[in-house]
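# Structural features, examined
Chain by chain, the residues run as shown.
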Amino acid sequence: MKILVTGAKGFVGKNLIAELKNRNYNEIYECDIETTKEELEEYTKNCEFVFHLAGVNRPEKEKDFMKGNFGFTSVLLENLKKYNNKAPVLITSSIQAALDNPYGRSKKAGEDLMFSYSQETGARVYVYRFPNVFGKWCRPNYNSAVATFCHNIARGLEIKVNDPEVVMNLVYIDDVVDELICALEGKAHMKENFAYVPIVHTIKLGDIVKLIYSFKESRENLMIPNMQDEFSKKLYSTYLSYLPEEKFSYPVKMNVDNRGSFTEVFKSEERGQVSINISKPGIVKGNHWHHTKNEKFLVVSGEGIIRFRKIDSDKIIEYHVTGEKLEVVDIPCGYTHNIENTGTSDMVTVMWANELFNKDKPDTYYMEV
């Protein structure tokens, strides 16, 4: 299928084209501000589906709203009529089309033009009124509060929140792209004359800001966001896409002594914590037991022995572990346990605990295996 995408270099356009290619739609006409009149003629002559994503949000002059959001739509549709091309046309509008402001009026004019075009030609049209769209590759300090907040907070820059109680309706770029491709495949979600993205997130502006700040703080407190919450998961992915390239990495505190080191890496209120333990050759660590706290050990480098003894028994159980054969060893409650490096190099163990360490209630009791 030959697909025409206007606004190809914009936020939605870049994401859409990337996913179209992932799904093996490879004949894509990418139209942007640099596309010539002759190229547009060729595209509108041959295309079999049109994603009309081009538009203006913040022009230098108010009259350019109508020129960009109505005028180019008119040119596009006239070209299609010129070649009697009745390919389906999808246009991305805005919820502001229902408002009486220059931007809204220009978007409404573009919508009306689409509906008239459909009545005149019989061509199928899809009109999407998007709420706030967020996700990777959106331009910060332009027309997206989420993009601006993610960009500025990631860089330690000031942000401005006029009213934290404002309730926002947002759609995530991957959900938008999925829906647009549904329309391409004849499965658009429709309500009356408009198509829509079925997954919408409603949240206060102030809560969005709090979440983004918590993402930044997670590099220090090691707390992983709640990935069970769909909006938090999507917003976190968005935030990471705005990190400065020189700040993709961050240090973690290594607790080092003559035995090796112990480093907490990830923490979660819902899923406990992950740490990295490094033991020098011949070193034994542990010799303690827990009532309720439980752990999983995974040796990823080196070799050693994990020993267990039920606290009311003399029987010692041994598990030989090595980075050459990865296996997870559960540490049950009520068993004192230790881990010994029996190799000639450092032994590296990934350790998971089902709860965060609580110095006031460590649930850890010393006892030799």
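Quick caveat: nothing in here was measured; it's all calculated off a predicted structure.

### Some points on the environment of Lys37
Summarising the element assignment, Lys37 is placed in helix α2 (residues 37-46). Each C-alpha atom, one on Lys37 and one on Val171, is 33 Å from the other, the two residues being 134 residues apart in sequence.

### Some thoughts on the layout of surface pockets
Here the second largest pocket defines a volume of roughly 560 Å³. What lines the second largest pocket is a set of 25 residues, among which Phe262, His288, Lys293, Glu295 and Met351 lie closest to the centre. Mapped by element, the contributors of at least two residues to the lining of the second largest pocket are β11 (255-257), β12 (260-268), β13 (272-279), β14 (284-289), β15 (295-301), β19 (335-341) and β20 (347-353). Tallied by class, the residues present in the lining of the second largest pocket amount to eight nonpolar, ten polar and seven charged.

### Brief notes about the packing of aromatic side chains
Considering all chains together, one arrives at twelve aromatic pairs under this definition. Taken together, Phe49, Phe51 and Tyr126 form an aromatic cluster joined through their ring pairs. A cation sits over an aromatic face here: Lys136 above Trp137, 4.8 Å from the ring centre. Over the aromatic face of Tyr142 sits the side chain of Arg139, whose NZ or CZ is 4.0 Å from the ring centroid.

The rules behind these values
Residue positions within a chain follow its written sequence, with the count starting from 1. Restriction of local features to residues with pLDDT of at least 70 applies here, the model being predicted, together with a cutoff of 80 or more for giving and counting side-chain atom pairs; totals for whole chains, interfaces and linings are based on all residues. For the side-chain quantities, the full set of heavy atoms in the structure was used; hydrogens and water were omitted. A run of H or I in DSSP counts as a helix once it spans at least four residues, and a run of E counts as a strand once it spans at least two, with each numbered from the N terminus. The way it works is a 1 Å grid over only the protein atoms, where trapped points that fit a 1.4 Å probe form a cavity and open points with protein on both sides within 12 Å along at least five of seven lines form a pocket, and then any residue with an atom within 4 Å of a point lines it. Grid points are joined across faces, edges and corners, and a volume is the space filled by probe spheres set on the points. Residues are grouped as follows: nonpolar covers Ala, Val, Leu, Ile, Met, Phe, Trp, Tyr, Cys and Pro; charged covers Asp, Glu, Lys and Arg; every other residue, Gly included, is treated as polar. For this analysis, a ring pair means two rings from Phe, Tyr or Trp (six-membered ring only for Trp) whose centres lie within 6.5 Å, classed as stacked if their planes differ by under 30 degrees, edge-to-face if by over 60, and tilted for the remaining angles. For a Lys NZ or an Arg CZ to count as sitting over a ring, it must be within 6 Å of the ring centre and within 35 degrees of the ring normal.

Purely geometric stuff here, so don't read any function into it on its own.
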